[in-house]
Amino acid sequence: MASTAKKAKKTIDALDEEPEALEAVDTCQNEIDALNEQASEEILKVEQKYNELRKPYYRKRNEFIKRIPSFWMTAIMNHPQISGILEEEEEDCLQFLEKLEVEEFEDIKSGYRILFYFEENPFFENQVLTKEFKLGSNGESPASTSTAIKWKPDRDLTKVLPKKMGNNRRKRSLENRTFFDWFTDNNDPINDDIAELIKDDLWPNPLQYYLVPDIEVEPEDDEDGEGGEEFGEEGDEEEVDEVEDEEEKAS
C-alpha cells in the first residue's frame, strides 16, 4: 500500500505565521527568477558578441580548407556518430562537398541553418543545400525546412538507397536513416541529433576529426604460442650443434 505524505504537526502560532512566511518566500523566489532572467539575457549578449568575433576566423578557416582535398568528407566519415548514417553511395556524392557552414540567427536563440556547398557533380544540380531550423521562440512550435534537391536522372539517393539497405552489410543497428534521408526529413526538428552534432561538434572544430589516424591492427601470435616454440626450437638446435663441436675437438 502506497504511503501518503506526512506533514509535521504545527503549533497554533506557527499556523498563524505560515501565510506571511509563504508570501515572503514567494517574493524571494520572484526576485531570484528575475535575476536568472537577467543573467540569461546578459549571457546571450556575450554569446552574440563572440559569435560575431568568430565569423572572420571561420571564413579564413574555410579558405584554407579549400586547399585540402576531401577535407569535409573525411571529417564527416571520421565522426563517430555522423558517419553512422552514411552509405557508400552517399560517400561518393559527398566527395564533391567543398564547403560546410553553420549560421546562427542573429539573436542565437531562435534558430540556425546548415549550408552544404557542392562542386558540380553527377548527382544533383544544386550548388548549395541548406537545412534551416527555427527553434520555436515567441510561442511558435519548432520547425525545419530543407532545400529541394534537384536530382539528376536515376541518381536520387533517397529512392535508391532504401532498397539496398536490407542487404547492406554496413546497415546500422540503431540508426535506420541515411544522410540524405536526414537532410530531407523535417518531421521532428526538436529531436534532430545529427543537426545538433554538426552545429555543436563538427563545425566548431572539424580538424580534430579530419586528423583521426587510421588504426592499424598488428598481427598477433598464435594462441598456442607456436611462434615462441619455433624460436625455442632453433635455440635448442644451435646449442646441440655447439656441444657436438666441442666433443669433436676434445677427441
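All figures in this text were calculated on a predicted structure; none of them were measured in a lab.

The next point concerns the nonpolar core. With 37 residues, the main nonpolar core has F116, F124, F180, W182 and I198 as its most contacted residues. Sort the elements by how many residues they give to this core and helix 2 (residues 71-78) lands first, with 5 residues. The residues touching W182, leaving out its near neighbours within four places in the chain, are I85, F116, K131, R177, D192, I194, A195 and I198.

Attention shifts here to the pairing of strand 1 (residues 97-104). Both strand 1 and strand 2 (residues 111-118) contribute to a ladder of 7 bridges, which runs antiparallel. Directly across from K99, in strand 2, lies its bridge partner Y117.

Here the focus is the sheet that holds strand 4 (residues 143-146). Spatial ordering of the open sheet is given by 1-2-3-4, a layout of 4 strands whose pairing is antiparallel. At either end of the open sheet lies a strand with only one pairing partner, and these are strand 1 and strand 4. Strand after strand, the sheet turns through a mean of 10° between neighbouring axes, direction not considered. Relative to strand 3 (residues 128-134), strand 2 runs antiparallel, the two being bridged by 7 bridges. Residue pairing in the sheet places Y112 in a bridge with F133 of strand 3.

The next point concerns the packing of aromatic side chains. One pass over the full model with this rule turns up 15 aromatic pairs. Summarising the aromatic geometry, the rings of F71 and Y210 are spaced 4.8 Å apart at their centres and angled 20° between planes, so their arrangement reads as stacked. One end of the pair, F71, is in helix 2; the other, Y210, is in helix 7 (residues 207-210), with 139 residues separating them in the sequence. Overall, the relative accessible area of 3% leaves F71 in the buried class. A relative accessible area of 26% places Y210 in the partly exposed class. When the centroid spacing of 6.1 Å and the interplanar angle of 75° are considered together, the rings of F116 and F183 count as edge-to-face.

For the rest of this paragraph, the subject is the confidence of the model for the protein. Summarising the model, the protein shows a mean pLDDT of 82, and 72% of its residues fall at 70 or more. Within the model, pLDDT remains below 50 along residues 163-174, and this stretch shows 19 contacts once partners closer than five positions in the same chain are excluded. Of the regions scoring below 50 in pLDDT, residues 225-235 engages in 1 contact with residues more than four places distant in sequence or in other chains.

Side-chain pairs of opposite charge can arise whenever the charged atoms involved come near each other. Within the structure shown, the criterion is met by 8 salt bridges. A salt bridge links E132 to R113, with the nearest nitrogen and oxygen atoms 3.0 Å apart. Taken together, the residues span a long stretch of sequence, with E132 in strand 3 and R113 in strand 2 at a distance of 19 residues. Judged by its relative accessible area of 18%, E132 is buried. Between D192 and K131 there is a salt bridge, and its shortest N-O distance comes to 3.6 Å. One end of the pair, D192, is in the loop between helix 5 (179-184) and helix 6 (193-202); the other, K131, is in strand 3, and 61 residues separate them in sequence. Across the pair, K131 and D192 agree in class, each one buried. Each of the salt bridges in this network shares a partner with another, and the network as a whole consists of E103, R113 and E132.

The rules we used
Residues numbered from 1 in each chain as written. Predicted model: local features only at pLDDT ≥ 70, side-chain atom pairs only at ≥ 80, totals over all residues. Heavy atoms only, no water. Core = buried A, V, L, I, M, F, W, Y, C linked by side-chain atoms within 4.5 Å. Buried < 20%, exposed > 50% of the residue type's maximum accessible area, 1.4 Å probe, protein only. Helix = DSSP H or I, 4+ residues; strand = E, 2+ residues; numbered from the N terminus. Contact = heavy atoms within 4.5 Å. Pairing = 2+ DSSP bridges. Axes fitted to C-alpha atoms, helices over the stretch in contact; angles between N-to-C directions. Phe/Tyr/Trp six-rings, centres within 6.5 Å; stacked < 30°, edge-to-face > 60°. pLDDT = per-residue confidence, 0-100. Salt bridge = Lys/Arg side-chain N within 4 Å of Asp/Glu carboxyl O.

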